[in-house]
Amino acid sequence: MTFAVSFQKVSRHFGSVRAVDAVDLDIVPGEFFAMLGPSGSGKTTCLRLIAGFEQPTAGSISIFGERAEGVPPYRRNVNTVFQDYALFPHLNVLDNVAYGLMVKGVGRPERQKAAEEALALVRLPGYGARRPGQLSGGQRQRVALARALVNQPKVLLLDEPLGALDLKLRENMQEELKSLQKALGITFVFVTHDQGEALSMADRVAVFNDGKIMQIGTPEDIYQRPKTRFVADFVGSSNVLPPDFVQRYAGQHRWGSLRPESIRIGRAAKGDGVAARLVSTNYLGATIRLALDAEGLRLHAIVPAGAALPREGEAVVLTFNREHLHLMDELG
Amino acid sequence: MSLDAAMPRATTPAILPGSGGLRGALSDLFWRRPQLLLLLMLLPPVLWLGIVYIGSLFALLLQSFFSIDEFSGLINREFTLKTYGDLLQAANLDIILRTVTMAALVTFASAVIAFPIAYYAARYARGRWKALFYLGVMLPLWSSYLVKIYAWKLILAKEGILTWLLAKLHLLWLLDAWLSLPIVGGNSLSVSSTGTFIVFVYVWLPFMILPVQAALERVPGNLVEASSDLGASPGQTFRNVLFPLALPGIVAGSIFTFSLTLGDYIIPQIIGTSRLFIGQAVYSQQGTAGNIPLAAAFTVVPIVIMGFYLWGAKRMGAFDAL
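Residues numbered from 1 in each chain as written. Chains lettered and ligands numbered in written order. Predicted model: local features only at pLDDT ≥ 70, side-chain atom pairs only at ≥ 80, totals over all residues.

Notes on the confidence of the model for chain A
Spelled out, the test is: Here pLDDT means the predictor's own confidence in every residue, given as a number from 0 to 100. In DSSP terms, a helix is any run of H or I states spanning at least four residues, a strand is any run of E spanning at least two, and both are numbered starting from the N terminus.
Per-residue confidence for chain A averages 89 on the pLDDT scale, and 98% of its residues sit at or above 70. The lowest-confidence element of chain A is strand 18 (residues 326–331) of chain A, averaging 76 in pLDDT; the highest-confidence one is helix 2 (residues 93–103) of chain A, averaging 95.

Below is the structure:
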């Protein structure tokens, strides 16, 4: 099978910093792939390696089966939506969108028609005559998207494209990007540090840390079955349980993870469970987040709002379904 | 420890007393009326600009509308356009044309040489290298202008280091071929228009590098990446992104190189042919010839040219890059 993007033991070092360290990665054509990780984890460097802005220190990269090392960005049929959009300030919106076609030598009427169509695709028809400076953040984002899509790239790279938008707009754009990707069938590679975004949009997610991929899998895999403590902690702020604790409740001396929503709270001295004390409550709207102290171990639980809750400082008993306790690969 | 011990509340008044005296009163007055302070600060420079600078410029303009009595050599203080008639004689037009051509060539060459230097400084130089860049660009400006020009005379002279170097490289024939050309040639580089051009470019180059660098500094690096990402070769990126965005800086720099070349009279005096430039014409007309009105009329030429130039530059957004 030909992969859209394939990394074999790819490293990119900046001096002594291993930004990307021996990464193996295969992205399937037509999938929506997310690279998730904290800042400095190497996800953006990976994206730049695909775009051609960076060259690997070691390893090989191929794009649709063709070797890409040493190939400059302008010879790759890959386009990028930049984090701060990088629209050309001296060109109007139409010329910005038509730029890729212009440098390829497409005639003016033809490229303007294509640019109009691309603008209509991102729901900005008739905005061509404006300057980028006259647009809102969300509109600029759409222009950047249209500018990349008009070239019909084999792979579209998106570098934290929703980072600068406010919450409401971000949610709208998430849905739109997702449906756009389905409609066009182009491979999307999406970099984000927002786990919610990655889980809700991507077909598969790679979780990065320290220049390495910790886990690749479907959003459900990543969320329900994290392989390492880092993944459990980073994706959805799971409760990471030390081996001694897991030993007591699951009989194995391994690190475990427990989702906050899997914990049930009961009154003290009512059946068996983990004895704990309620430290604080945080009202989140639909749910309430509880901080609990279980014999020195800090746990978080999420319960629906409206449930009767013990008071802060009160002793409680925690129960959970044994199946929800996920054991991780890392040994104690 | 109690808070009261650290900050005794009871004894601190809500409003502190004034520091008293004239200084305290003045401070309070200036705080209450900031316009007064502004006026005091701006008055000396406004007087300087208004009276000394604009005033003398106006006096100069006025002089150009007087004429000189050819027999007595005295200035006839009556309004006339006769001096401007004299200015339009073929010999004088020749001087103006030569100066403007030189200014244009110097400006063009400065822009071509400055761009890569400015690009390096704006894109790649960091920390110590950036400091070194500024030092390198500014250092010539801190030394005496005359010393630099005489140094160049030595470099360009027939017995100078350049001729010596070319001889060592067996390239003397190239220099001789160039010097045998009309207009640009001469006996040696130091007495040719080419020599004048070289020294002009050298002396005014910093004034081009700095604004171009400032303009390039404001071009976000990801625009170059975006252009490349969209399929533009480095040449296309230069033409379609870098050059248009650096243009205000180039125009701003060209204001300096163009106007400074238009007005200079020392460089063509020391290095170059005996043919005059506007500055030299002004110098000789007001000095040896004693024809102040014609000197004034000559001076008006660069002022008018620069007026149009600045008007055009403003339309291209050059002043945003200064």
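Quick word on the interface of chain A and chain B
The following threshold applies: We call two residues in contact if the C-beta atoms placed from their backbones are at most 7 Å apart. For this classification, Asp, Glu, Lys and Arg are treated as charged, while Ala, Val, Leu, Ile, Met, Phe, Trp, Tyr, Cys and Pro are nonpolar and the rest, including Gly, are polar.
Facing the 17 residues of chain A at the interface are 16 residues of chain B. Those elements giving two or more residues to the side of chain A that touches chain B turn out to be strand 6 (78–81) and helix 2 of chain A. The dominant element in the side of chain A that touches chain B, judged by the number of residues it contributes, is helix 2 of chain A, at three residues. Of the residues assigned to the side of chain A that touches chain B, the class counts are nine nonpolar, five polar and three charged.

Remarks on the sheet that holds strand 16 (residues 297–304) of chain A
Residues and elements named next belong to chain A. Stated formally: Strands are treated as partners if at least two bridges between them are detected by DSSP. Under this scheme, a helix contributes an axis fitted over its contacting stretch, all axes are lines through C-alpha atoms, and angles between N-to-C directions fall in the 0 to 180 degree range.
Spatially, five strands are ordered 13-17-14-15-16 in an open sheet, and the strand pairing comes out antiparallel. The two strands at the open ends of the sheet, each matched to only one other strand, are strand 13 (264–267) and strand 16. Each strand axis lies, on average, 45 degrees off the axis of its neighbour in the sheet, ignoring direction.

Overview of the pairing of strand 16 of chain A
All names here are of chain A. Pairing of strand 15 (residues 287–294) with strand 16, which is carried by eight bridges, proceeds in the antiparallel orientation. Each residue of the ladder has a partner; that of Ile288, found in strand 16, is Val303. Counting the residues in the hairpin turn of strand 15 and strand 16 gives two residues, including Glu295, whose phi is positive at 50 degrees.

Re the environment of Gln134(A)
Among the structural elements, Gln134(A) can be located in the loop between helix 3 (108–121) and helix 4 (137–149). Sequence spacing of Gln134(A) and Gly217(A) is 83 residues, and the spatial spacing of their C-alpha atoms is 41 Å.

A few points about the domain arrangement of chain A
Residues and elements named next belong to chain A. Short version of the rule: Here the limits of each domain have been adopted from an automatic or database domain assignment.
Examined at the domain level, chain A breaks down into domain 1 (5–233) and domain 2 (237–331). Each of domain 1 and domain 2 has a C-alpha centre, and these two points are 38 Å apart. The interface of domain 1 with domain 2 comprises eight residues on the first partner and nine residues on the second. At three residues, the largest contribution of residues to the side of domain 1 that touches domain 2 is made by helix 8 (residues 229–234). Residues of the side of domain 1 that touches domain 2, tallied by class, amount to two nonpolar, two polar and four charged.

Focus: helix 2 of chain A
To keep things clear, this is the line we draw: Exposed residues have 12 or fewer other C-beta atoms within 10 Å of their own C-beta, buried residues have 20 or more, and partly exposed residues fall in between, where C-beta atoms are placed from the backbone.
Burial runs high along helix 2 of chain A: ten of the eleven residues are buried. For helix 2 of chain A, the complete set of buried residues consists of Val93(A), Leu94(A), Asn96(A), Val97(A), Ala98(A), Tyr99(A), Gly100(A), Leu101(A), Met102(A) and Val103(A). Each element contacted by the buried residues of helix 2 of chain A is listed here: helix 3 and helix 4 of chain A together with helix 12 (234–263) of chain B. With its phi angle positive at about 90 degrees, Gly105(A) sits one or two positions after the end of helix 2 of chain A.

Things to note about the environment of Val52(B)
Residue and element names in this part refer to chain B. One can find Val52 in helix 3 (residues 34–64). Of the residues examined, Val52 has 10 C-beta atoms within 10 Å and is grouped as exposed. Val52 sits 204 residues away from Phe256 along the chain, and the two C-alpha atoms are 22 Å apart.

Describing unusual backbone geometry
Residues and elements named next belong to chain A. Within the chain, Ala86 stands out as a residue other than glycine whose phi angle is a positive 50 degrees. Of note, Ala86 is situated in the loop between strand 6 and helix 2. Classification of Ala86 by C-beta neighbours within 10 Å gives buried; the count is 25. Backbone geometry at Glu160 places phi at a positive 40 degrees, although glycine is not the residue there. Residue placement: Glu160 occurs in the loop between strand 7 (155–159) and helix 5 (167–184). Looking at Glu160, the number of C-beta atoms within 10 Å reads 20, which means it is buried.

Some details on the sheet that holds strand 4 (residues 58–63) of chain A
Residues and elements named next belong to chain A. Strands sit in the order 2-1-4-5 across an open sheet of four strands; the sheet is antiparallel. Here the strands that pair on one side only, and so sit at the sheet edges, are strand 2 (17–27) and strand 5 (66–67). Strand direction decides the pairing type here: strand 1 (residues 5–14) and strand 2, joined by seven bridges, are antiparallel. Note that in strand 2 the partner of Phe14 across the bridge is Val17. Along the sheet face, helix 1 (residues 43–51) touches strand 1, strand 2 and strand 4 and points at about 65 degrees away from the line of strand 2.

Thoughts on the packing of helix 14 (residues 278–286) of chain B against helix 15 (residues 292–315) of chain B
For any two helices packed against each other, the geometry comes down to the angle between their axes and how far apart the axes lie. All names here are of chain B. Put simply, the rule reads: Should an angle fall under 35 degrees it is called roughly parallel, over 145 degrees roughly antiparallel, and 65 to 115 degrees roughly perpendicular, with every other angle called oblique. For any helix crossing, the convention is left-handed if the near helix is rotated counterclockwise from the far helix by under a right angle, and right-handed if that rotation is clockwise.
Direction vectors running N to C along helix 14 and helix 15 enclose 160 degrees, while the axes themselves pass 8 Å from each other. Taken together, the axes of helix 14 and helix 15 are roughly antiparallel relative to one another. Regarding helix 14 and helix 15, the two cross each other, and that crossing is left-handed. Packed against helix 14, whose contacting residues are Ile278, Ala281, Val282, Gln285 and Gln286, the element helix 15 presents Ile292, Leu294, Ala295, Phe298, Thr299, Val301 and Pro302 at the interface.

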